[in-house]
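# A structural walkthrough
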Amino acid sequence: MTTTAPMAIGQPTDRVDGRHKVSGTAHYSADYVLDNMSYAFLVGARVASGRITAIDTSEALDCDGVLAVLTHENLPRTAAQPPLIPSLAGMPAPGQTFFPMQDDAVHYTGQPVAVVVADTLERAQHAAALVRVTIDRTPSVTTLDEGRDQVYEPEAIFAGFIPGRNQRGDFRAGLARAEVQIDAAFTYAANNHNPIEPSATTAVWDGDELTLYDATQGVAATQLTVAALLGLTPSKVRVVSHFVGGSFGCKAMIWAHPALSALAARHVGRPVKLALTREQMFTSVGHREEQEQRITLGATHEGRLTALRHHKLSPTSPFDDWAEPSLGVASQIYACPNYEGVYELIRANIMTPTFMRAPGEASGMFALECAMDELAQQLGLDPVELRLRNHTDVDPNTGNPWSSDGFQECLRRGAERFGWQRRNPEPRSHRDGNWLIGYGMAAAGYPVYGPNNPQRARARIYADGSAVVQAATPDFGTGVATVMTQVAADALGIPIERCRFEGGDTMLPTIAAAVGSSGAGMISAAVHTAAGNLRDQLIAQAVADAQSPLHGADPASVTVRGGRMMLRDRPDTGESYSELLHRNFLPDTEAMGTWSPAPQTANYGMMTFGAQFAEVAVDAELGVVRVRRMVGAFAPGRVLNPKTARSQLMGGMIWGLGQALLEANYMDPVRGRWVASSLGDYLIPVNADAPEVDVELIEVEDKIVNPLGVKGVGEVGQVGAAAAIANAIHHATGRRVRKTPITIEDLL
Ligand code: MOS
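Let me begin by describing the structure that accompanies this report.

## Digging into the nonpolar core
Leu230, Leu297, Leu368, Leu375 and Ile725 are the most contacted members of the largest nonpolar core, which totals 139 residues. It is helix α9 (residues 361–379) that contributes the most residues to this core, 11 residues altogether. Counting 45 residues, the second-largest nonpolar core is a separate cluster that includes Ala457, Leu550, Val560 and Leu708.

## Things to note about the environment of Ala611
Within the secondary structure layout, Ala611 lies in strand β27 (residues 607–619). Distance in space between the C-alpha atoms of Ala611 and Asp214 is 36 Å, their sequence separation being 397 residues.

## A look at unusual backbone geometry
Of note, the bond from Thr740 into Pro741 is cis; its omega dihedral lies within 30 degrees of zero at -10°. Note that Pro741 resides in the loop between β32 (739–740) and α17 (744–747). The backbone of Asn36 shows a phi angle near 65°, a positive value even though the residue is not glycine. By the secondary structure assignment, Asn36 is in the loop between α1 (18–23) and β1 (38–44). Phi is positive for Phe248, close to 65°, though the residue is something other than glycine. Locating Phe248 in the fold gives a position in the loop between β13 (237–240) and α6 (256–268).

## Examining the sheet that holds strand β2 (residues 50–56)
As summarised here, the arrangement of the 3 strands in space is β4-β2-β6, forming an open sheet in which the pairing is antiparallel. Both outer strands of the open sheet, β4 (105–106) and β6 (132–137), are each paired with one neighbouring strand and no more. Sheet topology places β2 next to β4; 2 bridges connect them, and they run antiparallel. Note on β4: the bridge partner recorded for Arg51 is Ala105.

## Topic: empty space enclosed by the protein
The gaps of empty space that remain are located by a probe, the size of a water molecule, rolled over the atoms. A complete count under the given rule lists 7 cavities of 30 Å³ or more for this structure. One number sums up the size of the second largest cavity: a volume of about 70 Å³. In terms of lining residues, the second largest cavity is bounded by Tyr108, Thr109, Phe282, Thr283, His287, Asn349, Ile350, Met351, Met667 and Trp674.

## As for the pattern of salt bridges
Evaluation of the coordinates by the stated rule reveals 33 salt bridges. In this structure, Asp17 engages Lys21 in a salt bridge whose closest nitrogen and oxygen atoms are separated by 3.6 Å. Since its relative accessible area comes to 6%, Asp17 is described here as buried. Taken together, the salt bridges that share partners define one network made up of Arg413, Arg417, Asp694 and Glu696.

Calculation criteria
The written sequence of each chain sets the order in which its residues are numbered from 1. It should be noted that, the model being predicted, local features are given only for residues of pLDDT at least 70 and side-chain atom pairs only at 80 or more, the latter also being counted only at that level, while totals for whole chains, interfaces and linings use all residues. To obtain the side-chain values, all non-hydrogen atoms of the structure were used and water was disregarded. The term nonpolar core refers to a set of buried residues drawn from Ala, Val, Leu, Ile, Met, Phe, Trp, Tyr and Cys, joined through side-chain atoms within 4.5 Å. Burial status follows relative accessibility: with a 1.4 Å probe on protein chains alone, a residue under 20% of its type maximum counts as buried, one over 50% as exposed, and anything between as partly exposed. Counting from the N terminus, the helices are DSSP H or I runs at least four residues long and the strands are E runs at least two residues long. In this scheme, strands are said to pair when DSSP sees at least two bridges between them. For cavity detection a 1 Å grid was placed over the protein atoms alone, and a set of points counts as a cavity when a 1.4 Å probe fits there but cannot get out; an open set counts as a pocket when protein lies on both sides within 12 Å along at least five of seven lines, with lining residues being those that have an atom within 4 Å of a point. Grid points are joined across faces, edges and corners, and a volume is the space filled by probe spheres set on the points. Criterion for a salt bridge: a side-chain nitrogen of Lys or Arg within 4 Å of a carboxyl oxygen of Asp or Glu.

Everything listed here is a matter of coordinates, which is why it stays silent on function.
This is the structure:
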């Protein structure tokens, strides 16, 4: 096996798709303009629970340009019923067991009850307002408070992937041995995803073949879901997703609109574009659920944890036992022999919640890391020191060693970079005029997910020496296309300018959806393998070619650089890929690469660690909080591109700021509707809210996770950021606010 020196990997390469995006030549799923196009508009239920007793579509059908109105009365039934609908990588998807417009039942506000198709968007939207839906309303439960008398403990959450209850050791015995205890309950408002690009699908049929231009994190997920719902073989469904304008988890599950657009297009015999409005994004693509978490900690006087209990209560939909997995990382990050974690749910009239950036890790670590801050205060111990004392070399749930660690370096180097030693531990001890100043910190962690199916990529080199690498994954804004170009360039030994990544199309080799911060690790593994196979194939061809200067050489003695194969010891003996291909009348040549995690990865705990630090200023009279500085130190294994990695981490940290201080949606229990349905009343941080964000990347060697040792940076930046801010607010004001978001009212 030939190895090449990294030239492109590790460089802060600019985004290869940046020019397309800023110049408007990037086509998103709603940007496709096709001949004979028509436009669909969704009509959502306006109550949370009941039965449709009548749908009057006559007025809508009379409008100019209206082609069809689909309702449960005329929409074909789906071919497959749950749980047989595969989504994420062919597995049944959590939160995927409901498809609307199959009967007259209304389960949540916003549930699609009709689809209007017209020749223009405006006409479709106008006619949609004229569809008269009569619903016999029944009592609804939409908030946690309303459902307290119907709490149940699910056997498993997440379509059965995660058990509802997790235990190790004996929590009660551990707590009995504790010399200090903390018991704290935290509440969280629901959150909505709001990527810049709302979800949209453009559907076009050619005979019995369907093409969908869909905003998705996984083209195969859309393909498999829509094929199952429509009763088609997947080979008849092509999904294209060349540019996706952010997602944060709301485009991981395949919701109703892609299949509805396909059904509508078949019904009217024209291409159909179905784009969700910003308002519909609040009721159509899942959300992060409202929740309560309770943490009980027991520790010795030295601050060693003896017991940890973590309970979570949240509302889920009528169909799915969904809870974001808040008890994952929080159960693994510290050495604690006695643990109990329990998920509890309430059936509510809401759509199934879904993944939202750091789904569960962010909320679970908020609770744990705020409780750890309370413990540090009670023990009179420095919060960084408390974390260091509870460091674990193994995943405490399994006893398996970490594939690589870096947690302690993150804590130490983050603290140093932040200037933590300047902190007087006494609350309300730092002031700047009328501002109370606080320093807070928290730990961060995010799992490294390996795929459970093989990841495939293809690499092709042309006789002009340029190359293309292909894998079906879309780049939803994280930088996948850029990073994969770097990886392929190095494996082939060609300059990055001669290499191009192509993704976002089911015609390309199948690879898992980009979810769970796993894109960089998984896709790079397949791309690295494919490009390496192509290089080895070309070298083998050269040494076997009587006309090659490398004829007869041992392939292992050949290296590649600048598009040229040469003897490692005598670099002037060799030839370029182009020379080899031209001489052999080959316009191009290609190789596949398949990667699956090695079986021994099962013997390791895999986690990206980090540490977060925040400085806040709280107006002593007005309760206004300003985050002045954030420092995050992260150990994501190998950093493929420090520019895109840093961007991901900064975005995550600022998201954490939003979680701590701004982001919230609330159900109005009387009307059973979300209170916020626009970016006017759903608050996210803007530039004026964002402080200086400082990211330290700590590279740790990891020989286990994947060939390049990449652990991922997509979500860990958010984990712990909100807790660091809450802890800083406590340090500034002496007030413990155990909720998100923390608002002015909480500090008056
Ligand atoms: Mo990401 S929230 O794992 O799609």
